[in-house]
Structure formats: structure tokens, C-alpha cells
Amino acid sequence: MNNPIRKPSRPIGHSLDRESILIDARRELTMPSRRLFGQRLLTLGGLSMLTGCSLVDNDSVNKFLTAVSRLNDRAQAALFDPKQLAPTYTEAQITRPFPFNAFYGIDDVPEVDGSDYQLKIGGLVKGQRAWSLPELYALPHAEQITRHICVEGWSAIGRWGGTPFGDFLRRIGADTSAKYVGFRCADDYYESIDMPTALHPQTLLTFEYDGERLPAKYGFPMKLRMPTKLGYKNPKHIVEMFVTNTFPGGYWVDQGYNWFGGS
Ligand SMILES: Nc1nc2c(c(=O)[nH]1)N[C@H]1C(S)=C(S)[C@@H](COP(=O)(O)O)O[C@H]1N2
Ligand SMILES: [Mo]
């Protein structure tokens, strides 16, 4: 993939930071189920006290909004139920064709060579060897038909096949008491997720789409599929994963998107 050109449709920079984080802040303020810190419904003023930010200039407003997003991460993490399942659908409900999306156009999709592909594994993991595709394909198999929700304003139902990610983490001797699992992708995308979501029963490391080998556009050789998270949290073209207690961020998160990204 040469020189990906960012699609103009996706808002970037400060306006995005403000916009997406303000959406988080407003959600925090309006959803009764998300009242933080006891029974009190926080006002924007209350949040500004909690985050220790005065809202006097651009810089402090941006710091404030980032702090609200981090509060929101913690609230979402606290409310996440590791046993609650996302809805599943029937084959007839699958969206055809399933949309492609990335931070570049479809002509720039990376072409990963499967024959010498090795998934690198690092961080707080006992078995740090690399995995070839035939080895990964031989792992226990699971299927799901779930809804993928993209913050750009579309959602679609798709069918993915792969292996339960929590079982894979245990198999490789990952420290499942660590905070994060991070991912690096063949197209310079990167993401990270909280450990409870990594261990969720519907979180799959997928190698197939709709019964076929995962095509390049949907993330060959693998996509981490989490129906409990928004689209941008689901990394495609994964080449490396690592377990860590140091916050790894993510491609969109580092541009202002909320990190937890629950759906
Ligand atoms: N490697 C990589 N993974 C990615 C992205 C990307 O640009 N690169 N885009 C994310 C976003 S925003 C969405 S909506 C989904 C799109 O997945 P799809 O092409 O299978 O619909 O992939 C996510 N994972
Ligand atoms: Mo997305």
C-alpha cells in the first residue's frame, strides 16, 4: 500500500476531538444509566471540577474534553458486563454486499502474503513464539453473525468465522490480569482493547468472512471481531499483538475518539 490518502469525509484534527469528545460528555450527562460517582447527575461544571480543568482557553478546553473521554472510558469499563451477549442474527439478515471501510480507499488495501505470514506475539505472554496461518487455522472454530457499527454513520450485519480470542490468549500463556491487548496492523493501523473485552465469549480472532477465507478488503489474514465494540476498535490485517499494562492508544483514539468504544 503506497501513500494512503485520508478520506476527506472523516472529520480530523481539533474539530474531531471536540466533536467526538463532546458527544461522549453529553452522553455522560444525559444517560441515567451512566451517572457517575454515586447518584449525582453531573453537569458540565461538575465534570470540569472533577477533571481539574478550567475552561478558559482552547488548550484547557481540549484537556478537559480528553479528561471527560477518559472518565467515560472508566465508566464504560465499569458498566461492561463480561457475560452480556451482543445480539446475533440469521443468515437471511446478512447485509450484502458487506461494506468496506478503512482510513484509505479500497484500491490501497494492503496485500499480505499468507505463505510467509507470521503473527508476532509480545508483552506479558509466556509463549512468545510467532504463529503461522496453518497453525492458527487449526485452532478451535467458532462462527458469529453480528452487527458491525461504524461511527461514520452506517451499520451492517456480517458473518465471521475464527477462534475464540480469550481461549487463544490462555493458550499462549497471556497474563489475563493485565489491562490491555494491543494490535499492530499491516496498514499502519493500530488499536488496543481492555482485557475484559478480550476475554468476552463473542470476541473472535477471525480468518473467514461468510464461509470463505477473509478477503483482503475485510482484513486478510485476520480481523479481531468484537460485536460489543464500535467498528474502529476491530483491527484488520493484524500482524502483531501484545499484552501490556501501559496504555497503547489507537489510530483513531489518538486523534480524539473515545478509547473504550463500546457499542
Ligand atoms: N487495519 C485496519 N483495521 C481497521 C480499519 C483500518 O483502516 N485499518 N478501519 C476500522 C473501521 S473505522 C471500520 S468501520 C472497520 C471496517 O471493516 P470492514 O472493511 O470489514 O467493513 O475496520 C476497522 N479496522
Ligand atoms: Mo468505522
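Residues numbered from 1 in each chain as written. Chains lettered and ligands numbered in written order. Predicted model: local features only at pLDDT ≥ 70, side-chain atom pairs only at ≥ 80, totals over all residues. Heavy atoms only, no water.

As recorded in an unreviewed UniProt entry, the protein goes by the name DMSO/TMAO reductase YedYZ molybdopterin-dependent catalytic subunit, listed as coming from Paraburkholderia bryophila.

J.: I'm lost on the pairing of strand E3 (residues 142–150) in this one. Help?
T.: Pairing of E3 with strand E4 (residues 154–164) involves nine bridges; the strand directions are antiparallel. Among the inter-strand pairings, Arg-147 is bridged to a residue of E4, identified as Ile-157. (Pairing = 2+ DSSP bridges. Helix = DSSP H or I, 4+ residues; strand = E, 2+ residues; numbered from the N terminus.)

J.: How should I be thinking about empty space enclosed by the protein in this particular structure?
T.: The probe, sized like a water molecule, is rolled over the atoms to show the empty space still left. Inspection of every chain in the model, using the stated rule, returns three cavities of 30 Å³ or more. Reported here for the largest cavity is a volume of approximately 280 Å³. Around the largest cavity, the lining is made up of 23 residues, and of these Asn-101, Ala-102, Gly-231, Asn-234 and Lys-236 lie nearest the centre. Tallied by class, the residues present in the lining of the largest cavity amount to 13 nonpolar, five polar and five charged. (1 Å grid on protein atoms, 1.4 Å probe; cavity = no way out; pocket = protein on both sides within 12 Å on 5 of 7 lines; lining within 4 Å. Points joined across faces, edges and corners; volume = space filled by probe spheres on them. Nonpolar A, V, L, I, M, F, W, Y, C, P; charged D, E, K, R; others polar.)

J.: Honestly, the layout of surface pockets in this entry has me stumped. Any pointers?
T.: Its boundaries defined by the atoms lining it, the largest pocket holds a volume of some 380 Å³. Lining the largest pocket are 18 residues, and of these Phe-80, Gln-84, Thr-228, Gly-262 and Ser-263 sit closest to its centre. Listed by contribution, the elements that provide at least two residues to the lining of the largest pocket are helix H3 (58–79) and E3. Among the domains, domain 1 (18–79) and domain 2 (91–255) are the pair contributing at least three residues each to the lining of the largest pocket. (Domains from an automatic or database assignment.)

J.: I would appreciate a short explanation of the side chain of Asp-194 in the present structure.
T.: Residue position: Asp-194 is located in strand E6 (residues 190–194). With relative accessibility at 6%, the residue Asp-194 sits in the buried group. A distance of 2.7 Å separates polar atoms of two side chains, one belonging to Asp-194 and the other to Thr-197. Here Lys-229 takes part through its side chain, which lies 3.0 Å from a polar atom of the side chain of Asp-194. Filtering out sequence-adjacent residues up to four positions away, Asp-194 remains in contact with Lys-179, Lys-229, Trp-259 and Phe-260. (Buried < 20%, exposed > 50% of the residue type's maximum accessible area, 1.4 Å probe, protein only. Polar contact = N/O pair within 3.5 Å; in protein donor to acceptor, adjacent residues only side chain to side chain. Contact = heavy atoms within 4.5 Å.)

J.: How do you make sense of the nonpolar core when you look at a structure like this?
T.: Most often, soluble globular proteins have nonpolar side chains that are buried together. Counting residues in each nonpolar core, the largest one holds 28 residues, and the members touching the most others are Leu-119, Phe-165, Phe-168 and Leu-169. Of all the secondary structure elements, the ones that give two or more residues to this core are strand E1 (118–123), helix H4 (133–137), helix H5 (165–171), strand E5 (180–185), helix H6 (195–198), strand E7 (204–209) and strand E10 (238–244). The contact partners of Leu-119, leaving out residues within four places of it in the chain, are Arg-129, Ala-130, Trp-131, Leu-136, Phe-168, Met-222, Ile-238, Val-239, Glu-240 and Met-241. (Core = buried A, V, L, I, M, F, W, Y, C linked by side-chain atoms within 4.5 Å.)

J.: Looking at this structure, I do not really get the environment of Val-112. What am I missing?
T.: By the secondary structure assignment, Val-112 is in the loop between H3 and E1. Distance in space between the C-alpha atoms of Val-112 and Ala-216 is 7.8 Å, their sequence separation being 104 residues. The contact partners of Val-112, leaving out residues within four places of it in the chain, are Tyr-117, Ala-186, Phe-220 and Pro-221.

J.: Got a minute to help me understand the sheet that holds E1 in this structure?
T.: The strands making up a sheet are joined through hydrogen bonds of the backbone, oriented either antiparallel or parallel. Ordered by their spatial adjacency, five strands build an open sheet running E2-E1-E10-E5-E6, and the pairing between neighbours is mixed. The open sheet is flanked by strand E2 (131–132) and E6, the only strands paired with a single partner. In the sheet, E5 pairs with E6 via five bridges, with the strands oriented antiparallel. The partner of Phe-183 across the bridge, within E6, is Glu-191.

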